[in-house]
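# Reading the structure
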Amino acid sequence: MAYTEEELKKELETKEYEYGFYTDIESDTLPKGLNEEIVIAISKKKEEPDWMTQWRLEAFKAWKEMEEPEWANVTYKKPDFQDISYYSAPNKKPKYNSLDEVDPELLDTFKKLGISVDEQKKLAGVAVDIVMDSVSVATTFKKTLAEKGIIFCSISEAIQEHPELVKKYIGTVVPKKDNFYAALNSAVFSDGSFCYIPKGVRCPMELSTYFRINQAGTGQFERTLVIADEGSYVSYLEGCTAPSRDENQLHAAVVELIAMDDAEIKYSTVQNWFPGDKEGKGGVFNFVTKRGLCEKNAKISWTQVETGSAVTWKYPSCVLKGDNSIGEFYSIAVTNNFQQADTGTKMIHLGKNTRSTIISKGISAGQSQNSYRGLVQVNSRAENARNFSQCDSLLMGNLCGAHTFPYIEAKNKTAQIEHEATTSKIGEDQIFYCNQRGIDTEKAIALIVNGFSKEVLNKLPMEFAVEAQKLLEISLEGSVG
Amino acid sequence: MLEIKNLHASVEDKKILKGINLEVNAGEVHAIMGPNGSGKSTLASVIAGKEEFDIKKGTISLDGEDLEELAPEERAHKGIFLSFQYPVEIPGVTVTNFIKTAINESRKARGLEDMPANQMLKLIREKSELLEIDRKFLSRSLNEGFSGGEKKRNEIFQLAMMEPKLAILDETDSGLDIDALRIVANGVNKLRGKDNAIIVITHYQRLLDYIVPDYVHVLHDGKIVKSGTKELALELEEKGYDWIKQEATV
């Protein structure tokens, strides 16, 4: 989406969260609370096969025994898991073949978000699988993709239509007992996206999914599974906006990526969940497990721009299992007001000659706390593994905090690991210099922040980069007096 | 053009400028000289509007308009340009992107559209040739890893791009070797015209061999203690600042 200067200016003037509106669509919501019956009910509502139901129940059993992790550098009031409704789907939900059949109110919501399917169709080369609350309601460009043998659909649909693929791969990268939130997600995930790229196929367009939490008090549990078969390539975009709410909303997604021999997956995220208001009230809790597995010569790149959520707990990781595989993590995390982010990555080097790169840019403003947490682990058999990590923090004002928690575990003597970290503050001298050249303070900050984030912004696909740049500016609006 | 009357300025209650009077007309080049700590850089910062300085007394006006209430960027929009003694680094922002933003922000303030890209490119090419700047230099991050000479040359490049009404060069000669000095001075001289004015702040006479001033002022302890023509600079070079100090105390 291209934004004109004028639009940008107008948006900058609006400090409140711009996507804070409700959509009045009838929903089919399960009663609050979580027990085996609810798990079974979710599975039943989605008409899932028995193996899936059993899988969910095993996850639920494991989750019951687990405790919420407390090691992250964040403080918040823990959600009451019995006070959440675990399923909500837009009601009038036949499978649509054309836009005309879609609930006009829903289309209207898309328009407000600036991502109307109409518009998307015109925009060259982007197929969108929009997740509204938890069920996919619109999928476009499916035909073009189908011609190449690419499967891009909701995970529910994949469970129905491609059970062999789902059954084979789900939970192989993020096991259902991996951690508290992953187990919860495995038990109750409502929907999400599924993507399969066949051998040797280069996906001709950027695949994108927009997430949106919509039902008050409804946790959202997305499940994404991307499989790139041998020698294939796919670039996947995920963008998020959420309506504003007073009570906290829980979001615990799981994303699994599988890059087989010689395959490459680029996964880009722009995350803009509601961060809470200026007093720190409300906002989304974002506890996400994202992990990718690289086979021989494969490559996975995670790029994320995190501007939203009240609390973020997120570590997109790569398991570099195959020899010569490559893992990359590029991240910009912005926190303002009372936001807290604990984010980073894990690079697990198992194969020989594996390489990983971590570039993390944290920007803290207001009274927020921004932490980078990263693990670089080199296994004893991973000869010649290399890692380069760079963590830069930019502070605005005196009340915010930036923290870096790098963990390095090298069990092979041939490993080469580099870690660089910098912390800087936007200086009055920098601002005055810009002012003297006719650039006002607001614009100067945008310029400095964009410069700081450039290495990561450059990794995003073009249309996403523009949106991300705009988000950075909106997120930091008014943060320096 | 620029009129400074009885200017007193302090930083954190420390008096630095103690009654400056200066009038600069269009087409003129003024040199301000003086020993370290005499207030030269403070004067430059006060004219540019740096907030840490408090104006206690007196006025600064540009073309009859009082500058006191104007923010630094508004002064820039009116045509005041300061070439910094210590230019700051802005990582990730290229020289080109920075100057483009500066020019377009100033145009916006004057109610003009952004400068068309081809015109901008042409201007950049022209001015970088004038200052013998390598094209590769333009895509580097602003002042990051620049040598002292490169930083100063970049300041003058921006000056050339922005074509200000009043340019203040704060110790532009420091950190320059003789070749760079000649190039920079050459660039500045080409920008001299009947409609603009230049204030050259310097410690040494050296720069004034290349940028020949119409007037020379000597600043000491926050006051202009002596004014004259370019010969005054030569005299200072020969005798040092001590005789001025003595004269001032007498």
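Owing to the predicted nature of the structure, the values given are computational and were not obtained by experimental measurement. (Residues numbered from 1 in each chain as written. Chains lettered and ligands numbered in written order. Predicted model: local features only at pLDDT ≥ 70, side-chain atom pairs only at ≥ 80, totals over all residues. Heavy atoms only, no water.)

What chain A contains, in helices and strands, is 12 helices and 23 strands. When the 481 residues of chain A are sorted by exposure, 62% land in the buried category. Summarising the internal contacts of chain A: among those between residues at least 6 apart in sequence, 84% fall at separations of at least 24. Accessible area of chain A: about 18,700 Å², with a carbon and sulfur share of 48%. (Helix = DSSP H or I, 4+ residues; strand = E, 2+ residues; numbered from the N terminus. Buried < 20%, exposed > 50% of the residue type's maximum accessible area, 1.4 Å probe, protein only. Contact = heavy atoms within 4.5 Å. Areas by Shrake-Rupley, 256 points an atom, 1.4 Å probe, with all protein chains shown as cover.)

Next up on the list: the overall build of chain B. For chain B, the count of helices and strands is eight helices and 12 strands. Over its C-alpha trace chain B gives a radius of gyration of 18 Å, about what one expects of a compact globule, namely 18 Å for 250 residues. Structurally, chain B occupies a C-alpha span of about 60 × 40 × 35 Å along its principal axes. Counting over 250 residues, chain B shows a buried share of 55%. Positive and negative side-chain charges of chain B, numbering 34 and 42 respectively, have mean locations separated by a distance of 2 Å. (Rg over C-alpha atoms; globule rule 2.2 N^0.38 Å. Lys, Arg positive; Asp, Glu negative; His and termini not counted. Charge placed at Lys NZ, Arg CZ, Asp CG, Glu CD.)

What follows covers the interface of chain B and chain A. For an interface, size is often stated in terms of accessible area lost upon the parts coming together. Each side of the interface is counted separately: chain B has 33 residues, and chain A has 19 residues. Summing the contributions of chain B and of chain A, the shared interface buries around 2,100 Å²; its carbon and sulfur component is 64%. When the buried area of chain B at its contact with chain A is split by residue, E73, F84 and V88 of chain B rank highest and sum to 23% of it. The interface formed by chain B and chain A contains three salt bridges. Its salt-bridge partner being E105 of chain B, residue K443 of chain A comes within 3.9 Å of it at the nearest N-O pair. Remark: the boundary between chain B and chain A carries 11 residue pairs in polar contact (both at pLDDT 80 or more). Listed by contribution, the elements that provide at least two residues to the side of chain B that touches chain A are helix 1 (40–48), helix 2 (72–77), strand 6 (80–83), strand 7 (90–94), helix 3 (95–109) and helix 5 (148–162) of chain B. Looking at the side of chain B that touches chain A, the element that brings in the most residues is helix 3 of chain B, giving seven residues. (Buried area = accessible area lost by both parts, 1.4 Å probe. Salt bridge = Lys/Arg side-chain N within 4 Å of Asp/Glu carboxyl O. Polar contact = N/O pair within 3.5 Å; in protein donor to acceptor, adjacent residues only side chain to side chain.)

Another aspect to go through is the sheet that holds strand 6 of chain B. Hydrogen bonding along the main chain pairs the strands of a sheet, whether they run parallel or antiparallel. Residues and elements named next belong to chain B. Pairing is mixed across the open sheet formed by six strands, whose spatial order is 6-9-10-3-11-12. Each of the sheet's edge strands pairs with one partner strand only, and the pair in question is strand 6 and strand 12 (223–228). For this sheet, the mean angle separating the axes of adjacent strands, direction not counted, is 20°. As paired strands, strand 3 (residues 29–33) and strand 10 (residues 197–202) are joined by five bridges and run parallel to one another. Each residue of the ladder has a partner; that of I32, found in strand 10, is I201. Together, strand 6 and strand 9 (166–170) form the strand contacts of helix 5, whose direction differs from that of strand 6 by roughly 165°. Sheet strands touched by helix 7 (residues 230–239): strand 3, strand 11 (215–220) and strand 12. Its angle to strand 11, the strand with the most contacts, is close to 45°. (Pairing = 2+ DSSP bridges. Axes fitted to C-alpha atoms, helices over the stretch in contact; angles between N-to-C directions.)

This brings us to the environment of S186 of chain A. Residue and element names in this part refer to chain A. For S186, the position within the fold is in helix 9 (residues 180–188). S186 sits in the buried class, given a relative accessible area of 1%. Residues in contact with S186, not counting those within four places in the same chain, are W55, R56, A59, K176 and R223. There is a polar contact of 2.8 Å between the side chain of S186 and the backbone oxygen of A182.

All names here are of chain A. On inspection of all chains with the given rule, the structure shows 22 aromatic pairs over all chains. Seen from their ring centres, Y86 and F221 are 5.4 Å apart, and the 20° between their planes marks the pair as stacked. With a gap of 135 residues between them, Y86 in the loop between helix 3 (50–65) and strand 2 (88–90) and F221 in the loop between strand 7 (206–212) and strand 8 (223–228) connect regions that are remote in the sequence. F221 carries the same exposure label as Y86, and that label is buried. Taking 5.6 Å as the distance between ring centres and 75° as the angle between the ring planes, the aromatic pair formed by W313 and Y315 counts as edge-to-face. Taken individually, W313 and Y315 each receive the classification buried, so the pair is uniform in this respect. Among the aromatic residues, ring-to-ring pairing joins F60, W63, W71, Y76, F81, F180, Y181, F285, F287, W313 and Y315 into one connected group. (Phe/Tyr/Trp six-rings, centres within 6.5 Å; stacked < 30°, edge-to-face > 60°.)

Along a regular strand, successive side chains alternate from one face of the sheet to the other. Residues and elements named next belong to chain B. When you tally the buried positions in strand 9, you get five out of five residues, the bulk of the element. Alternating residues of strand 9 divide into L166, I168 and D170 and A167 and L169, and every residue in both groups is buried. Pairing of strand 6 with strand 9 involves four bridges; the strand directions are parallel. Its bridge partner lying in strand 9, F81 is registered against A167. Examined bridge by bridge, strand 9 and strand 10 share five bridges and lie parallel to one another. By the bridge assignment, L169 is partnered in strand 10 with V200.

All names here are of chain B. As for its position among the elements, K245 is in helix 8 (residues 242–249). Along the primary structure K245 and G175 are separated by 70 residues, whereas in three dimensions their C-alpha atoms are 26 Å apart. Excluding its chain neighbours within four sequence positions, the residues that come into contact with K245 are P35 and H220.

Residue and element names in this part refer to chain B. At a minimum axis distance of 10 Å, the contact between helix 3 and helix 5 shows a crossing angle of 35°. By crossing handedness, the relation of helix 3 to helix 5 is classed as right-handed. Between helix 3 and helix 5, the contacting residues are V95, F98, I99, A102, I103 and S106 on the first element and N154, F157, Q158, M161 and M162 on the second. Looking at the contact of helix 3 with helix 5 residue by residue, the class counts come to eight nonpolar, three polar and no charged. (Left-handed = near helix turned anticlockwise from the far one by under 90°. Nonpolar A, V, L, I, M, F, W, Y, C, P; charged D, E, K, R; others polar.)

We now examine the pattern of salt bridges. Here the structure, examined in full by the defined rule, presents 31 salt bridges over all chains. D429 of chain A serves as the salt-bridge partner of K50 of chain B, at 3.3 Å between the closest nitrogen and oxygen. Within this pair, whereas K50 of chain B is found in the loop between helix 1 and strand 4 (54–62), its partner D429 of chain A is found in helix 10 (residues 428–436), the two belonging to separate chains.

Here we come to the sheet that holds strand 2 (residues 14–24) of chain B. All names here are of chain B. Taken together, four strands build an open sheet; the order of strands is 2-1-4-5 and the sheet is antiparallel. Single-partner strands in this sheet number two, and they are strand 2 and strand 5 (65–66). Here strand 1 (residues 2–11) pairs with strand 4 via seven bridges, running antiparallel. Each residue of the ladder has a partner; that of K5, found in strand 4, is T59.

Residue and element names in this part refer to chain B. Across chain B, the average pLDDT comes to 91, with 99% of residues at 70 or higher. Averaged pLDDT values for the elements of chain B fall to 76 in helix 8 and rise to 97 in strand 6. As scored by the predictor, the complex reaches a pTM of 0.80 and an ipTM of 0.95. (pLDDT = per-residue confidence, 0-100.)

Now for unusual backbone geometry. In the Ramachandran plot, N337 of chain A falls in the positive-phi region, its phi being about 50° despite a non-glycine side chain. Along the polypeptide, N337 of chain A turns up in the loop between strand 17 (326–335) and strand 18 (340–349).

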